[in-house]
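# A structural walkthrough
Here are the chains, one letter per residue:
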Amino acid sequence: MVMVAARLGSAPRSTRVRYAVRWHASRGVRLAITPLLLLAAAAALAPVVLVALGYQPTLIRTDTMAPALADGDVVVNETRFPDGIVAGDVVTFSDAARDGQTFTERVVAVQAYGNGYGFTTKDDASEATHSWSIPAEERVTRVAYHLPVLRQPVELASAVADRPLVVVGPMMVLLLTFLYRRSTAG
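What you see is a predicted model, and the numbers here were worked out from it, not measured in a lab. (Residues numbered from 1 in each chain as written. Predicted model: local features only at pLDDT ≥ 70, side-chain atom pairs only at ≥ 80, totals over all residues. Heavy atoms only, no water.)

## With respect to the environment of F81
Spelled out, the test is: Strands here are runs of E lasting at least two residues and helices are runs of H or I lasting at least four, both read from the DSSP assignment and numbered beginning at the N terminus. Between two residues, a contact is recorded if the distance between any of their heavy atoms is within 4.5 Å.
Relative to the helices and strands, F81 resides in the loop between β2 (74-80) and β3 (90-95). Expressed as a C-alpha distance, the spacing of F81 and T141, which sit 60 residues apart in the sequence, is 8.6 Å. Aside from chain neighbours lying at most four places away, what touches F81 is A136, E137, E138 and R139.

## Notes on a nonpolar patch on the surface
Just so we agree on the cut-off: Patch definition: residues above 30% relative accessible area lacking any salt bridge, with like charges linked at up to 9 Å and the nonpolar side chains Val, Leu, Ile, Met, Phe, Trp and Tyr linked at up to 5 Å. Residue burial considers only the protein chains on display, and all accessible areas are found by Shrake-Rupley using a 1.4 Å probe. For salt bridges, the criterion is a side-chain nitrogen of Lys or Arg within 4 Å of an Asp or Glu carboxyl oxygen. Between buried and exposed lies partly exposed: a residue is buried under 20% and exposed over 50% of the maximum accessible area for its type, with that area taken using a 1.4 Å probe on protein chains only.
Nonpolar side chains collect at one region of the surface, where L45, V48, V49 and L53 lie side by side and expose about 400 Å² of accessible area between them. The topology assignment puts L45 in helix α2 (residues 13-52). The class of L45 is exposed, set by a relative accessible area of 52%.

## Topic: the nonpolar core
The criterion, for reference: Only buried Ala, Val, Leu, Ile, Met, Phe, Trp, Tyr and Cys residues count toward a nonpolar core, and they belong to the same one when joined by side-chain atoms within 4.5 Å.
Core analysis: the largest hydrophobic core is formed by ten residues, namely I85, V91, F93, F103, V107, Y117, F119, W132, I134 and V140. Elements represented by at least two residues in this core include exactly β3, β4 (101-113), β5 (116-122) and β6 (129-135). Look past the residues within four positions of I134 in its chain and what remains in contact with it is P82, Y113, G116, Y117, F119, R139 and V140.

And the structure:
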């Protein structure tokens, strides 16, 4: 503000007031936008950090685990050896008997045998059970956290990911234009 006063030293008072108001307004805009940009950056980096720490974020795409997990909910899986899984845990697994599809189901029973483990799982929404097994040295992904509040942002992000140039491109151009104009103003 001191530099502004020095540059506008001989300007009429109304010009100096107008310039000071504009400077404070643009500072307010910057103060409002900075936390939003930091929040967006944190949200973009969160999946990378989770994966680096050994977690796997997964988007639930069916209502078979309702009411515990709904379509669109985000769960964070952690990998465990089979002996760390107990009845009641919710696990995400690929079942070769069902065309290698990935399922998230609740464990009903765990059975150790020879060099492996057998699991009986079921959806919360039905009574049908599924049996599958894995060798003892393989890992199972267990749902560690359930993040239902991320449903809408993740669905929006997946829609954006389907059309990155159509959505993200114009948004980036607008953001860069705004930042450029702010940096060159006054």
